[in-house]
Amino acid sequence: AGREEESGAKQASATAGRTAGVVKASKVLSLVLFFGSASFAVTAVPQCVVRPSLSGVFNSLHIEAVCAALILFSVPSVLCGMVSPYAIRLAITSRETSGAVIGRLHAVGTVGSIVGTFLGGFVLISWFGSVETTIGVAITLLAASALVYLKPWPAKAALALCLVVGLYGVNSYAAYQADGGTRLVESSYSTTRLAKGSMEGREMRVLLTDPGSAQSGQFLDDPQELAFAYTKFYELGTRLKPDSKRVLMLGGGGYSIPKWLLAGRSGLAEDFTLDVVEIDPVMTEVAQEYFNTPKNDPRMRIFHEDARTFVNRAAGLAGANRRGEYDLVFADIFNSWEPVPLHVGTRNAADGIGTLLSADRILIRNLRTAATGDTGRSLRSVRGACVDA
């Protein structure tokens, strides 16, 4: 009887120990999820500050991007990495089933990682944006924290209050930025930032796609004026061929050139038509909403597709017997961080553009290249293809 009582006491002690361990693990897991949620919520706010502040520090976009990712996501990643061990601790009830439990949880984690990668990269960010997706992750972690440990209603009420305050803070910060003239716009192709600035003592609205430089801009007192110096070189095309009837613009961006053409400042006759090829529909919406781009001008057609795809199709339709579809072609096509996309910088691409040109062969193209030497190959390739076409 004494041995049975001693054995029962040991079992009760072991059960109490396991219960205490489970309670402790639940508390720790709940705290890990809570602080993980908080770290993700905080990340959603300063991401607009971290990346620009690193611009020019390392003189390398790749290093700066890695550093920004480390600053923003190192803490959330560490905290989320702590979830699996505590979840395994809570799921194991006996040594006999521990292997199966660990295997199942690792399988679930692997599937979740794969689904999360594709869901975040191809769906959520495209539909809602990175900030909204990050806030959604924070809310999910906060709800998980509540489900793991918080049982009394005052704790749940406090959690809900924190959630409301956090969402209000994020919305207030976004409204504060918008009032200051700054707005973040995301699409499937790029992340752009609208901001106010000044040049030559005149207020401007600029479109930023790269750190430290503006992709497009307009003077607020004269939106149709060409603001940046390089854009004024496009006037060479209209001066050389003032009788152009059909004009093609590859790369819309902020639609500075189309606006200037449609405003009648280029010297072209009023009866010309303009085709604009812009791969990103969101960029067109931004240009129409913030950069005074006409929405319903009958002279302008907008094609939302890749420039090389458009050129290939148009050149194929033209064929050998229908050359010279356009009297004047403008091109201003760049990826983020200023390089020309490889597939539109080849000789074949230039040959396709040349096929679309009339006999006078007027092409004005923005290129970052040397005039001579090995680094001037892109210029010579484009020129040679257009001359041979």
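A quick note: this is a predicted structure, and the numbers were derived from the prediction, not measured. (Residues numbered from 1 in each chain as written. Predicted model: local features only at pLDDT ≥ 70, side-chain atom pairs only at ≥ 80, totals over all residues. Heavy atoms only, no water.)

A. Representation of the pattern of salt bridges. Here the structure, examined in full by the defined rule, presents 12 salt bridges. Here R246 ties to E325 by a salt bridge, and the two come within 3.4 Å at their closest N and O atoms. Here E325 lies in the loop between α11 (307-318) and β8 (328-331) and R246 lies in strand β5 (residues 246-250), a separation of 79 residues in the sequence. With a relative accessible area of 26%, R246 lands in the partly exposed category. Look at the salt bridges and you will find they share partners, linking R246, D275, R301 and E325 into a network. (Salt bridge = Lys/Arg side-chain N within 4 Å of Asp/Glu carboxyl O. Helix = DSSP H or I, 4+ residues; strand = E, 2+ residues; numbered from the N terminus. Buried < 20%, exposed > 50% of the residue type's maximum accessible area, 1.4 Å probe, protein only.)

B. How the structure looks around the nonpolar core. Formed by 19 residues in total, the largest nonpolar core has its most connected members in V247, I257, L261, F272, L274 and F330. Those elements that provide at least two residues to this core are β5, α9 (256-262), β6 (273-277) and β8. The leading source of residues in this core is α9, at four residues. (Core = buried A, V, L, I, M, F, W, Y, C linked by side-chain atoms within 4.5 Å.)

C. Here's a closer look at the side chain of D297. Tracing the sequence through the fold places D297 in the loop between α10 (281-290) and β7 (300-303). Given the relative accessible area of 17%, D297 is considered buried. Here the side chain of D297 touches R299 through a polar contact of 2.9 Å, landing on its backbone nitrogen. (Polar contact = N/O pair within 3.5 Å; in protein donor to acceptor, adjacent residues only side chain to side chain.)

D. Geometry of the sheet that holds β7. Strand order in the open sheet formed by five strands is β7-β6-β5-β8-β9, and the pairing between neighbours is parallel. Edge strands, defined here as strands with exactly one partner in the open sheet, are β7 and β9 (363-365). For this sheet the average axis-to-axis angle between neighbouring strands, irrespective of direction, equals 15 degrees. Note: β5 against β8, four bridges, orientation parallel. Following the sheet pairing, M249 is matched in β8 by F330. (Pairing = 2+ DSSP bridges. Axes fitted to C-alpha atoms, helices over the stretch in contact; angles between N-to-C directions.)

Function cannot be read off these values alone, since they describe shape.
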